[in-house]
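Examination of the molecular architecture
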Protein chains: 2
Amino acid sequence: MEDIIAKLREHGIGLTPQRIAVAQVVLRDRSHWSADEVWQLVQQRLPTVSRATVYNNLNLFVAKHLLKEQILQGGHVVFDSCVEPHHHFLDEQTGQIHDVPWEAVRVETHDALGDFEVRDYQVIMRGRRRNH
Amino acid sequence: MEDIIAKLREHGIGLTPQRIAVAQVVLRDRSHWSADEVWQLVQQRLPTVSRATVYNNLNLFVAKHLLKEQILQGGHVVFDSCVEPHHHFLDEQTGQIHDVPWEAVRVETHDALGDFEVRDYQVIMRGRRRNH
DNA sequence: ATCTCAAATTATACTATATCTAAATTTAAA
DNA sequence: TTTAAATTTAGATATAGTATAATTTGAGAT
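These remarks concern the structure in this document. Keep in mind the model is a prediction, meaning the values are calculated, not measured. (Residues numbered from 1 in each chain as written. Chains lettered and ligands numbered in written order. Predicted model: local features only at pLDDT ≥ 70, side-chain atom pairs only at ≥ 80, totals over all residues. Heavy atoms only, no water.)

**Brief notes about the protein's contact with DNA strand D**
Neighbouring DNA strand D are 15 residues, the closest being A:T16, A:R19, A:T53, B:R51 and B:Y55. For DNA strand D, the backbone makes up 70% of the atoms found within 4 Å of the protein, where backbone means sugar plus phosphate. Residue A:T16 places a side-chain N or O atom 2.8 Å away from a phosphate oxygen belonging to DNA strand D. When residues of the surface near DNA strand D are traced back to their parent elements, those giving at least two are helix 2 (17-26) and helix 4 (51-63) of chain A together with helix 4 (51-63) of chain B. Looking at the surface near DNA strand D element by element, the count peaks at four residues for helix 4 of chain B. Grouping the amino acids of the surface near DNA strand D by side-chain chemistry returns five nonpolar, eight polar and two charged. (Near = heavy atom within 4 Å. Polar contact = N/O pair within 3.5 Å; in protein donor to acceptor, adjacent residues only side chain to side chain. Helix = DSSP H or I, 4+ residues; strand = E, 2+ residues; numbered from the N terminus. Nonpolar A, V, L, I, M, F, W, Y, C, P; charged D, E, K, R; others polar.)

Below you can see the structure in the form of structure tokens.
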């Protein structure tokens, strides 16, 4: 709980019970959360929390760089607690998205880019994950 | 009109007035179309066309490789008449997405990928486009 | 040419996701 | 304690997409 509070403060986010509850959910182990998943879990701790509040706070956390918004296949939005740069691997069989370490992929661009000044990039890979 | 019909046939798509109208819109000059944009334009030619029909046919065209589905920032889905492999550049100032030639970017992967067998990839670049 | 019928396709109605609005409540500073 | 600003709530609305019922298509039989 103290960790969470410290983290919110570090990111310039004011404290409310709703925000603490949302942060407790999204900063847990799993790294990709849909808004509705978060809402359902937060409701267990705070039954009166409204859906709009969850959405508002998730988007605030993105704006304050506590989370990153990621787009899955089909346009579904999830919130990612890993804000460090990383790439994504989409397992086409399971539909699962996995984080790939930044250094695992090297990207070089050529002059053919022309007018585009690249500030940031991310590689989306598709394929399958070998059986464990 | 004949071009459109030939194209639909090549891709194994049966002919209906609705499909011809949708194809006429999306195979025009601009390369990224939202479903609702398509619907509005198609309605001008076929006022009874339903939204579901437009969605159904856009998704069919993707399935038959006449179009490619692309996900924009925020999870918005657009349909792209350029089905050749290409990368994307998102202009952060205008929110516009631009196609980048495949060869303009080279990607190498390393062992750190581990379990992931990459079949396909795409690079999403962000930045700005120099003034014209 | 016409009819039949199953499959394909479209339209109607419904659902999912996300955001807006105004009122109510809480926060944080004085 | 007060107060202004921030935040949440509850309900409505916007955006996007889909399920199901209705209609059309296409092939084969007559």
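**A short note on the packing of aromatic side chains**
Residues and elements named next belong to chain A. The final tally for this structure, using the stated rule, is four aromatic pairs over all chains. Arranged with centres 4.9 Å apart and planes meeting at 35°, the rings of W102 and Y121 form a pair that is tilted. Of this pair, W102 sits in the loop between strand 5 (97-101) and strand 6 (105-109) while Y121 sits in strand 7 (residues 116-129), and the two are 19 residues apart along the sequence. (Phe/Tyr/Trp six-rings, centres within 6.5 Å; stacked < 30°, edge-to-face > 60°.)

**Focus on the relation of the copies chain B and chain A**
The pair of chain copies shares a relation made of a rotation about an axis and a shift along it. By a simple turn and slide, chain B fits onto chain A: the slide is 0.1 Å along the axis, the RMSD is 0.2 Å, and the turn is 179°. What we have between these two chains is a two-fold relation. In this assembly, 100% of the residues forming the interface of chain B have copies in chain A that are likewise at the interface, indicating an isologous arrangement. (Least-squares fit on C-alpha atoms with pLDDT ≥ 70 in both. Contact = heavy atoms within 4.5 Å.)

**Considering the packing of helix 2 of chain A against helix 3 (residues 35-45) of chain A**
Residue and element names in this part refer to chain A. Following both chains from N to C, one finds helix 2 and helix 3 inclined at 125°, their axes separated by 9 Å at the closest point. Considered as vectors, helix 2 and helix 3 are oriented oblique to each other. For the pair helix 2 and helix 3, the crossing hand works out as right-handed. Only V38, L41, V42 and R45 of helix 3 make contact with helix 2, whose side of the interface consists of A21, V22, Q24, V25 and V26. (Axes fitted to C-alpha atoms, helices over the stretch in contact; angles between N-to-C directions. Parallel < 35°, antiparallel > 145°, perpendicular 65-115°, else oblique. Left-handed = near helix turned anticlockwise from the far one by under 90°.)

**Considerations on unusual backbone geometry**
Glycine aside, residues mostly have negative phi angles, and peptide bonds mostly take the trans form. Residues and elements named next belong to chain A. Positive phi, normally seen in glycine, also occurs at H65, with a value near 65°. You can see H65 is positioned in the loop between helix 4 and strand 2 (68-71). H65 gets classed as exposed once you look at its relative accessible area, which sits at 57%. (Buried < 20%, exposed > 50% of the residue type's maximum accessible area, 1.4 Å probe, protein only.)

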